[in-house]
Amino acid sequence: DVKVTQSSRYLVKRTGEKVFLECVQDMDHENMFWYRQDPGLGLRLIYFSYDVKMKEKGDIPEGYSVSREKKERFSLILESASTNQTSMYLCASSLPADSTDTQYFGPGTRLTVL
Amino acid sequence: DQQVKQNSPSLSVQEGRISILNCDYTNSMFDYFLWYKKYPAEGPTFLISISSIKDKNEDGRFTVFLNKSAKHLSLHIVPSQPGDSAVYFCAATGGFKTIFGAGTRLFVKA
């Protein structure tokens, strides 16, 4: 079974703080993704990575950055948290050989920015 | 511009009856369509997929139908069970990106 873990289930931060969200997968997947989930908007892609040290912008990268120093770990960084970044953040991984791109998700981190 | 749309935010069904969840898309270049299921406080989990060259895929109680001319797909759950109560996301893939719909919350009443 693929396991994707996220460092925190709930996080409360203050406006302007730097926030790190960590994601680790244990199935040697090349592809990793960060999404945010908001009511009525579904899952929106922030960044993705298809290899170590590689990253690509998704649909809503503004205000975020990522880091992938090891294959199993993909970090999402909020350089200066703002209240509009209050959301559920979901990490996922997949195999590039899988043409359906079935993704395996972590449990999510609910971030509140005050 | 939403390329994948789920127009019903919620659906309520009696246990044992059929649940039909709908999804529309705009991009005819998508290769695969997937359904994910999400329980509260958990990440989405893959449920069933269909290739763009097929019109039906069945897995137990779950069947996905694809109508390419209408750019429409639907997920049928028969019979519905209380444990099926969750948010269902429709997704479409093409290249590196997967586009998700906004989700439909299904309530199955006992």
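A few points on the structure. As the structure is a prediction and not an experimental result, all values here were calculated from the model.

**Things to note about the layout of surface pockets**
Put simply, the largest pocket is a space of about 430 Å³. Along its surface, the largest pocket is lined by 22 residues, and A:Gln37, A:Pro39, B:Val87, B:Phe89 and B:Arg105 are the ones closest to its centre. Elements that contribute at least two residues to the lining of the largest pocket include exactly strand S4 (31–38), strand S9 (87–94) and strand S11 (109–113) of chain A together with strand S9 (86–94) of chain B. Tallied by class, the residues present in the lining of the largest pocket amount to 11 nonpolar, 7 polar and 4 charged. Its volume calculated, the second largest pocket comes out at about 290 Å³. Along the walls of the second largest pocket sit 15 residues, with A:Arg44, A:Asp59, B:Gln2, B:Ile99 and B:Phe100 positioned nearest its centre. For the lining of the second largest pocket, the elements supplying multiple residues, two or more each, are strand S5 (42–49) of chain A together with strand S10 (97–100) of chain B. Ranked by residue count, the leading element in the lining of the second largest pocket is S10(B), at 4 residues.

Each value, and the rule that gives it
Residues numbered from 1 in each chain as written. Chains lettered and ligands numbered in written order. Predicted model: local features only at pLDDT ≥ 70, side-chain atom pairs only at ≥ 80, totals over all residues. Heavy atoms only, no water. 1 Å grid on protein atoms, 1.4 Å probe; cavity = no way out; pocket = protein on both sides within 12 Å on 5 of 7 lines; lining within 4 Å. Points joined across faces, edges and corners; volume = space filled by probe spheres on them. Helix = DSSP H or I, 4+ residues; strand = E, 2+ residues; numbered from the N terminus. Nonpolar A, V, L, I, M, F, W, Y, C, P; charged D, E, K, R; others polar.

Spatial relationships are all this shows, so hold off on functional conclusions.
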